[in-house]
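The chain contents come next:
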Amino acid sequence: MRTIIELASHEREELLDITDRVRRFVEESGVRDGICCVYAHGATAAIMIQENWDASVPTDVVNFLRKLVPPGVWLHDHQDGNGDAHLKAGLVGPSETIPVIDGILGLSRWQGVFFCEFDGPRGDRRVSVTVLADR
C-alpha cells in the first residue's frame, strides 16, 4: 500500500515532523508485520529519524548542517544558488525504512519521522509512504 503526504515548508531549512501522518497510514493499512518506507521527492529534501520530544533537536540538526555545509561556496550555486541544499539532502538521504510490528510503526518512544527541507519555503513538497507486509 502507498500514499502520498503533501506538505508545505515555511523556512529555507527546517525539519517537519510527519510522524503522526506516517503512523496513521501504517495503522490504516492493516499490515501487522512488515516494513514502512518513507521517501522524500526532490533533490533538495530528505527524510530523517530523530528525536521529536524536544524541539531543540531538529533546530540543532539544522544548525549543525548549516555549519557543516555553508551556502554560497559550491559550483552549483552558479546555477540556482542551492548547492548546499543538494549536499545536505545527499548527506541525510531521501528515505528511511521502519519496521511495522504488530500493526504499529516500530519507532522507539523518542523517535519521530521528519521531512527535511533544505531549499524552502516550498508549497508543493511530497513524501511517499509505502507499507509492505511480510507475506
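Look up: the structure comes first, before these words.
The structure presented is a predicted model; accordingly, all values stated were derived computationally and were not measured.

Caption draft 1: Broad picture of the pattern of salt bridges. For the structure on display, the rule yields eight salt bridges. Across the pair Asp-20 and Arg-23 runs a salt bridge whose closest N-O atoms are separated by 3.6 Å. Here Asp-20 pairs with Arg-23, and both are found in helix H1 (residues 19-29), just three residues apart, close to one helical turn. Asp-20 gets classed as exposed once you look at its relative accessible area, which sits at 52%. The structure contains a network of salt bridges with shared partners spanning Arg-12, Glu-13, Arg-66, Asp-84 and Lys-88.

Caption draft 2: Molecular detail of the packing of aromatic side chains. Tallying each qualifying case throughout the model produces one aromatic pair. For the ring pair Trp-53 and Trp-110, a centre distance of 5.6 Å and an interplane angle of 70° mean the geometry is edge-to-face. With a gap of 57 residues between them, Trp-53 in the loop between strand E4 (45-51) and helix H2 (56-68) and Trp-110 in the loop between strand E6 (104-105) and strand E7 (111-117) connect regions that are remote in the sequence.

The rules behind the values
Residues numbered from 1 in each chain as written. Predicted model: local features only at pLDDT ≥ 70, side-chain atom pairs only at ≥ 80, totals over all residues. Heavy atoms only, no water. Salt bridge = Lys/Arg side-chain N within 4 Å of Asp/Glu carboxyl O. Helix = DSSP H or I, 4+ residues; strand = E, 2+ residues; numbered from the N terminus. Buried < 20%, exposed > 50% of the residue type's maximum accessible area, 1.4 Å probe, protein only. Phe/Tyr/Trp six-rings, centres within 6.5 Å; stacked < 30°, edge-to-face > 60°.

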